[in-house]
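Chains, contacts and geometry: an overview
Listed here are the chains, written in short residue letters.
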Amino acid sequence: MRHTKGENIFNVVNIIIMFALMVLAAYPILYVVLASFSESKAFMQETGLMFKPAGFSLASYKAVFTNPNITRGYLNTIFYLVVGTAGGVFLTVLAGYCLSRKDLMFRNPIMLLITFTMFFGGGLIPTYLNVQNLGLLNTRAAVILPTIINTFNLIIMRTAFTAVPDSLAESASLDGAGHFTILFKIMIPLVMPTIMVIVLYYAVERWNEWFNAMIYLQDSSKYPLALVLREILMQNDTSSMTQGASFGDLDSVSETIKYAVIVVATLPILVLYPFLQKYFVKGVMVGAVKG
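Keep in mind that what you see is a predicted model, and the values were worked out from it rather than measured.

Now for the nonpolar core. Core analysis: the largest hydrophobic core is formed by 35 residues, its most contacted members being Val64, Ile70 and Val261. Broken down by element, this core gets its largest block of residues, eight residues, from helix α15 (residues 250-283). If you look at the next biggest cluster of nonpolar residues, it comprises 18 residues, including Val164, Ala172, Ile182 and Tyr202.

Structure below.
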């Protein structure tokens with residue numbers, strides 16, 4: 001297919017702009033990775049852009065993986081990730097299925113109330129008092145239960161179930177199938193791409209979660225990795241990571257440790273995404289106009 005001169009110019013300009021945006025988005029990631037592998041003293045002397053490690057050292061990663069706070073934070077985050085994601089997806093699927101049934105009494109008012117929570121909340125203090133009265137303070141349940149269902153994810157799940165033809169559920173019902181049979185054997189296989197997208201959303205949310213832990217937890221042994229990372233980066237609290245370590249200048253090593261912690265905290269979720277990418281493209285199109 002032949003293109004006009006104007007179309008060729010547009011394509012060239014478009015490619016240049018997209019490439020520039022890609023570089024702007026990718027370079028900070030590259031900088032963090034290079035800094036994490038840099039030798040501490042050489043990195044402190046670096047100025048400007050960096051396109052290779054300043055020297056090469058694994059001291060920062062050794063300090064990260066031998067630090068008990070990081071290891072414990074990793075294990076806590078894995079627990080919050082597995083339990084929170086499994087519970088959130090399960091409850092979201094159940095709620096989405098129920099709210100998609102046209103014979104559900106007060107379906108629209110219930111959906112209106114649920115949607116209302118996306119825009120208005122009770123506030124931090126009432127939520128804290130509620131968690132306190134339930135006896136959840138300083139427990140791992142306080143990190144998971146208050147946010148176990150995301151309203152946005154619930155709306156996506158409900159929309160996916162609504163798009164399934166009613167005739168499938170009706171025919172199964174005539175054959176004697178109950179709601180659980182219809183849900184698990186008919187509905188879920190048909191909306192699996194959307195469920196995988198919901199899994200990804202919940203997994204990313206749980207992996208990066210730190211605010212609830214900061215509010216409801218006093219015991220640092222229950223802190224997730226994101227909260228440990230926040231303390232290191234925001235409060236510059238890296239002294240405990242370098243105590244007893246022979247990495248040379250402890251202050252310089254503290255700088256490279258920050259970058260190593262960022263890489264270690266970000267890598268798992270980046271590895272997870274490619275396995276869900278094929279579902280992601282299908283799932284996000286659930287609300288698209290179909291011809």
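Picking up where we left off.
Further remarks concern the environment of Thr115. Residue placement: Thr115 occurs in helix α5 (residues 107-119). On the basis of relative accessible area, Thr115 is assigned to the partly exposed category, the value being 23%. Along the chain, Thr115 and Ile155 lie 40 residues apart, while their C-alpha atoms are 8.3 Å from each other. Residues contacting Thr115, with those up to four places away along its chain left out, are Thr151 and Ile155. A distance of 2.8 Å separates the side chain of Thr115 from the backbone oxygen of Met111, its partner in a polar contact.

The next subject is the confidence of the model for the chain. Averaged over all residues, the pLDDT of the chain equals 84, while 87% of them reach at least 70. The least confident element of the chain is helix α14 (residues 239-242), whose mean pLDDT is 53; the most confident is helix α7 (residues 141-144), at 95. Low confidence marks residues 243-250, where pLDDT is under 50. Its contacts with residues over four positions away, or in another chain, come to eight contacts. With pLDDT under 50 throughout, residues 287-291 is counted as low confidence; its partners more than four residues away or in other chains account for one contact.

So, about unusual backbone geometry. Excluding glycine, a negative phi dihedral is what most residues carry, and trans is how most peptide bonds are arranged. Its identity is not glycine, yet Phe106 carries a phi of approximately 60 degrees, on the positive side. Relative to the helices and strands, Phe106 resides in the loop between α4 (68-100) and α5. We classify Phe106 as exposed; its relative accessible area is 56%. Positive phi outside glycine occurs at Asn138, with the angle close to 60 degrees. Tracing the backbone through its elements, the reader meets Asn138 in the loop between α6 (124-133) and α7. What makes Asn138 partly exposed here is its relative accessible area of 23%.

Attention now moves to the side chain of Arg107. The topology assignment puts Arg107 in helix α5. Despite its burial, Arg107 pairs with no opposite charge; the closest candidate is Asp103, at 7.6 Å N-O. Apart from residues no more than four positions distant in its own chain, Arg107 is found in contact with Leu99, Ser100, Arg101, Lys102 and Arg158.

By the definition in use, this model includes two salt bridges. One salt bridge in this structure joins Lys102 and Asp166, with 3.1 Å as the shortest N-O distance. Of this pair, Lys102 sits in the loop between α4 and α5 while Asp166 is found in helix α9 (residues 166-174), placing the two residues 64 residues apart along the sequence. Classification of Asp166 as partly exposed rests on a relative accessible area of 27%. Arg206 is paired through a salt bridge with Glu209; the nearest N and O atoms lie 3.0 Å apart. This pair shows no difference in class: Arg206 is buried, exactly as Glu209 is.

Calculation criteria
- Residues numbered from 1 in each chain as written.
- Predicted model: local features only at pLDDT ≥ 70, side-chain atom pairs only at ≥ 80, totals over all residues.
- Heavy atoms only, no water.
- Core = buried A, V, L, I, M, F, W, Y, C linked by side-chain atoms within 4.5 Å.
- Buried < 20%, exposed > 50% of the residue type's maximum accessible area, 1.4 Å probe, protein only.
- Helix = DSSP H or I, 4+ residues; strand = E, 2+ residues; numbered from the N terminus.
- Contact = heavy atoms within 4.5 Å.
- Polar contact = N/O pair within 3.5 Å; in protein donor to acceptor, adjacent residues only side chain to side chain.
- pLDDT = per-residue confidence, 0-100.
- Lys, Arg positive; Asp, Glu negative; His and termini not counted.
- Salt bridge = Lys/Arg side-chain N within 4 Å of Asp/Glu carboxyl O.

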